[in-house]
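An overview of the molecular structure
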Amino acid sequence: MKNIFCVDIGGSKLICGVVTEDGTIIDNCRFNYHSDYGIEDILSYIKEGYNKLKHYELSACGVAVPGLCNYSSGKWLYSPFSGLCDTPIVKLINDITGLPTFADNDVNISALAEKYFGVCKNVSDFLWVTVSNGIGGGLYLNNTLYRGQGLSAGEIGHFILEENGRKCGCGSRGCLEAHASGASIAAIYNETTNKNLTAKEIADLARNGNTDALAVWQDAGAHIGKAVSYAVNLLNINTVVLGGGAAEAFDLLEPSATKSLNANLFTKANPNVKILHSAPGRFAALMGCAALVLENEKEKKK
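Conventions we followed
Numbers given for residues are sequential positions, taken from 1 along each chain in its written order. Only residues with pLDDT of at least 70 are given local features in this predicted model, and only at 80 or more are side-chain atom pairs given and counted; all residues enter the totals for whole chains, interfaces and linings. The side-chain values count all of the structure's non-hydrogen atoms but skip hydrogen atoms and water molecules. Burial classes: relative accessible area under 20% of the type maximum marks a residue as buried, over 50% as exposed, and values in between as partly exposed (1.4 Å probe, protein chains only). Segments assigned H or I by DSSP are reported as helices when at least four residues long, segments assigned E as strands when at least two residues long, and all are numbered from the N terminus. When DSSP finds two or more bridges between a pair of strands, those strands are recorded as paired. The definition of a nonpolar core used throughout is a set of buried Ala, Val, Leu, Ile, Met, Phe, Trp, Tyr and Cys residues joined through side-chain atoms within 4.5 Å. Any two residues whose heavy atoms approach within 4.5 Å are treated as being in contact. Only C-alpha atoms enter the line fits that serve as axes; for helices the fit covers just the stretch in contact. Angles between N-to-C directions range over 0 to 180 degrees. Two aromatic rings from Phe, Tyr or Trp, using only the six-membered ring of Trp, form a pair when their centres are within 6.5 Å; if the ring planes differ by under 30 degrees the pair is stacked, by over 60 it is edge-to-face, and anything between is tilted. Only lysine NZ and arginine CZ atoms are considered, and such an atom sits over a ring when it is within 6 Å of the ring centre and within 35 degrees of the ring normal.

On to the pairing of strand S9 (residues 126-131), then. The element S9 is extensively covered by neighbouring structure, given that six of its six residues are classed as buried. Residues Phe126, Trp128 and Thr130 of S9 are buried on one face, and the alternating residues Leu127, Val129 and Val131, pointing to the opposite face, are buried as well. Two elements, S9 and strand S10 (residues 135-141), share six bridges in a ladder whose sense is antiparallel. When the sheet's bridge partners are listed, tryptophan 128 is paired in S10 with glycine 138. When S9 meets strand S12 (residues 239-243), the two strands line up parallel, connected through four bridges.

What follows is the structure, encoded as structure tokens:
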């Protein structure tokens, strides 16, 4: 069985791992960014990770990048967290490892992980939503990943849900990402209580009966459900998967998300829509890197 070198470039951390063809994570190492990082830091972490893991006889490399990525050219077009633009990430990593290397947006890759290894193995059409530092969507339609004309399909995080809502990092106001991402949950809770906690800490409080914490999570879920309803009404899909770090609090998000989804859905056309929790969970992007390599191998055989 082949061992694939997988690189998950997150907004606040980077994970290198070895994943087999069946989605098993054999080994991994994590690096946390300092506050001001650039491409040199990212490549340094990847080189360190590769040197720690290369003894596993690696066959290829898959890379998940946050933000816009041109899958065909191997360029990382734009990162909302680091500000990186037009970075030839495939070539730079290939120079380090010498392995055949493929890169795509981390949310697209997470959708592939769900198809290959998760709850959507037998589902031909679904929407994968990352709820993390930001929010993004991956579309799997007619049994294939749908990237769109500009290779940037699925930007559900920038559906504008509130006309005069919170300021989003993209420059607009009222985006889903500004109201329901992990970073936004922490910011909204801080504005309400003047307490500076992480989304995970706020989730723990919510589960222990803290009403302010629970209200923030319920509001985030309601915004997610509303945004999902727009996508479902447009695409007529009946499966939605939530993944990413903040979606580990699925128990807090799902009730209000489902309620909001049903309130905004054209149910006559979409009677059986399900919101599911990702099976790969927080390792979806890492496992998806292996799925991306397998997807390329499948395409070459056609």
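In this section: the nonpolar core. Nonpolar side chains tend to gather and get buried jointly when the protein is soluble and globular. Counting 42 residues, the largest nonpolar core has Trp217 and Val240 as its most contacted members. Elements that contribute at least two residues to this core include exactly S9, S10, helix H4 (176-180), helix H5 (182-193), helix H6 (199-207), helix H7 (211-235), S12 and helix H8 (250-264). Among the elements that take part in this core, H7 stands out by supplying nine residues, more than any other. Contacts of tryptophan 217, omitting those with residues within four sequence positions, involve Ile185, Ala199, Ile202, Ala203, Ala206, Ala246, Ala249, Leu252, Leu253 and Ser256. Ranked by size, the runner-up nonpolar core spans 30 residues in total, among them Ala64, Phe117, Ala285 and Ala290.

Once that is clear, we can look at the sheet that holds strand S11 (residues 144-146). Here we have five strands laid out as an open sheet, ordered S11-S10-S9-S12-S13, and mixed in their pairing. Here the strands that pair on one side only, and so sit at the sheet edges, are S11 and strand S13 (274-277). Strand-to-strand twist across the sheet, computed as the mean angle between neighbouring axes with direction ignored, equals 30°. Relative to the sheet, helix H3 (residues 106-117) contacts S9, S10, S11 and S12, its axis offset from that of S9 by approximately 125°.

Another point: the packing of aromatic side chains. Counted according to the given criterion, the structure contains seven aromatic pairs. Aromatic side chains tyrosine 33 and tyrosine 37 sit 4.0 Å apart centroid to centroid with 20° between the ring planes, which places their arrangement in the stacked category. By relative accessible area, tyrosine 37 is classed as buried at 13%. Among the aromatic residues, those joined into a cluster by ring pairs are Phe31, Tyr33, Tyr37 and Tyr45. Stacked on the ring of tyrosine 71, the Lys or Arg arginine 147 has its end atom at 3.8 Å from the ring centre.

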